[in-house]
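As a plain string of letters, each chain reads:
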Amino acid sequence: MRYFIVDDDRASRVMLKQIIEDSGLGTVIGEARNGEDAIPQILMTQPEFVLIDLLMPKLDGIATVEHLIQNRFEGQFIMISQVVNKEMVGEAYEQGIDFFIHKPINRIEVENVLRKTTEQFRLKNSLLVIRQSLTSIEISEQKNHKATSRDHIQSILNDMGIVGEIGSEDIIAIIETLLAHQHKIAPLPPLKELYEEIAAVTKTTPDEILKESKAIEQRVRRTILAAMINLANLGVVDYTNSEFEYYAPRYFDFKEIRQLMKQIEDHGNRKAKVNIKKFIQVLYSDILTKLN
């Protein structure tokens, strides 16, 4: 197992590193004295476990964990704390902290906690391997069937990391509506008309349709923004990533992607202008190409 330690107390970092390596639990691949310094290193190295102090200057442990999760870090967190505060502990659990190590640091407690997290990690990986095996069987079976428009759309949305977003179903409905009407690639009908047509499938009165069409627009906007953030994260880590190279300049205003990348590097808010029409236009064009 690979560990990263974030603690403003150098003595604690040294002690934890010694316990981890002496007990054969794994390797400490990096350390930092505060959250701000830790975030870019953790996202770059992707350790299995992050041992992180609850109270630190600049950026505390909970805020650091929140930043890492927002940036799609999938490792596990172990909180280090000498503070016994139910509210803070509760907030830590809400952010995804599964285990705590108490200060002053005790070798037996550290070894026990890290062995438990290692067992949990290996179990999770075993389940992932089983799931991947089942998925490969499903994919093999699906090769015998012709891919539908929905399959193609979901594949593209999956590449952008948004196939599970609530607005992805609205995007699929928009593309399928365009296909049903056999629209040419350009110009597309006004988005408002598309929203209202989709809303009319489940709503009846004009007021209900108007309200639902506005909700569809908001869901689509949030989902496309999520795609932009995902691609910007890919660009920060690897500018030559194939998904980033293809989707970022093609589906979006690239200056907005660059702005998001800068915000991510500066640990700022994720804000950008969303061009829904361009996204739908390019997606529809790609689906027509795949179907033909």
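Coordinates for the structure precede this section.
Residues numbered from 1 in each chain as written. Predicted model: local features only at pLDDT ≥ 70, side-chain atom pairs only at ≥ 80, totals over all residues. Heavy atoms only, no water.

Caption draft 1: Representation of empty space enclosed by the protein in the model. In this structure the tally under the stated criterion is one cavity of 30 Å³ or more. Within this model, the largest cavity holds a volume of roughly 30 Å³. As for the largest cavity, its lining consists of Met228, Tyr251, Phe252, Asp253, Glu256, Lys273, Val274 and Asn275. For the lining of the largest cavity, the class distribution of residues is four nonpolar, one polar and three charged. (1 Å grid on protein atoms, 1.4 Å probe; cavity = no way out; pocket = protein on both sides within 12 Å on 5 of 7 lines; lining within 4 Å. Points joined across faces, edges and corners; volume = space filled by probe spheres on them. Nonpolar A, V, L, I, M, F, W, Y, C, P; charged D, E, K, R; others polar.)

Caption draft 2: Highlighting the pattern of salt bridges. By the definition in use, this model includes 13 salt bridges. Between Glu196 and Lys192 there is a salt bridge, with its nearest N and O atoms 2.7 Å apart. Remark: Lys192 and Glu196 occur in helix α8 (residues 191-199); sequence separation between them is four residues, near one turn of the helix. For Lys278, the salt bridge identified is with Asp253, shortest N-O distance 3.9 Å. Taken together, the residues span a long stretch of sequence, with Lys278 in helix α12 (residues 276-291) and Asp253 in the loop between α10 (242-251) and α11 (254-265) at a distance of 25 residues. (Salt bridge = Lys/Arg side-chain N within 4 Å of Asp/Glu carboxyl O. Helix = DSSP H or I, 4+ residues; strand = E, 2+ residues; numbered from the N terminus.)

Caption draft 3: Focus on the sheet that holds strand β2 (residues 27-32). Read across the sheet, five strands follow the order β2-β1-β3-β4-β5 without closing on themselves; strand pairing throughout is parallel. Across the chains shown, the open sheet's two edge strands, defined by having one partner strand only, are β2 and β5 (99-102). With direction set aside, neighbouring strand axes in the sheet form an average angle of 25°. As defined by bridge partners, strand β4 (residues 76-81) adjoins β5 across four bridges and the pair is classed as parallel. Its bridge partner being in β5, Met79 is matched across the sheet by Phe100. (Pairing = 2+ DSSP bridges. Axes fitted to C-alpha atoms, helices over the stretch in contact; angles between N-to-C directions.)

Caption draft 4: Focus on the packing of aromatic side chains. Under the criterion given, the structure shown has 10 aromatic pairs. Pairing Tyr3 with Phe49 gives two aromatic rings, centres 5.3 Å apart and planes at 20°, and the pair type is stacked. Of the two residues, Tyr3 sits in strand β1 (residues 2-6) while Phe49 sits in strand β3 (residues 49-53), which places them 46 residues apart along the sequence. Assigned by exposure class, Tyr3 and Phe49 land together as buried. (Phe/Tyr/Trp six-rings, centres within 6.5 Å; stacked < 30°, edge-to-face > 60°. Buried < 20%, exposed > 50% of the residue type's maximum accessible area, 1.4 Å probe, protein only.)

Scope: geometric values only; no functional claims are made or implied.
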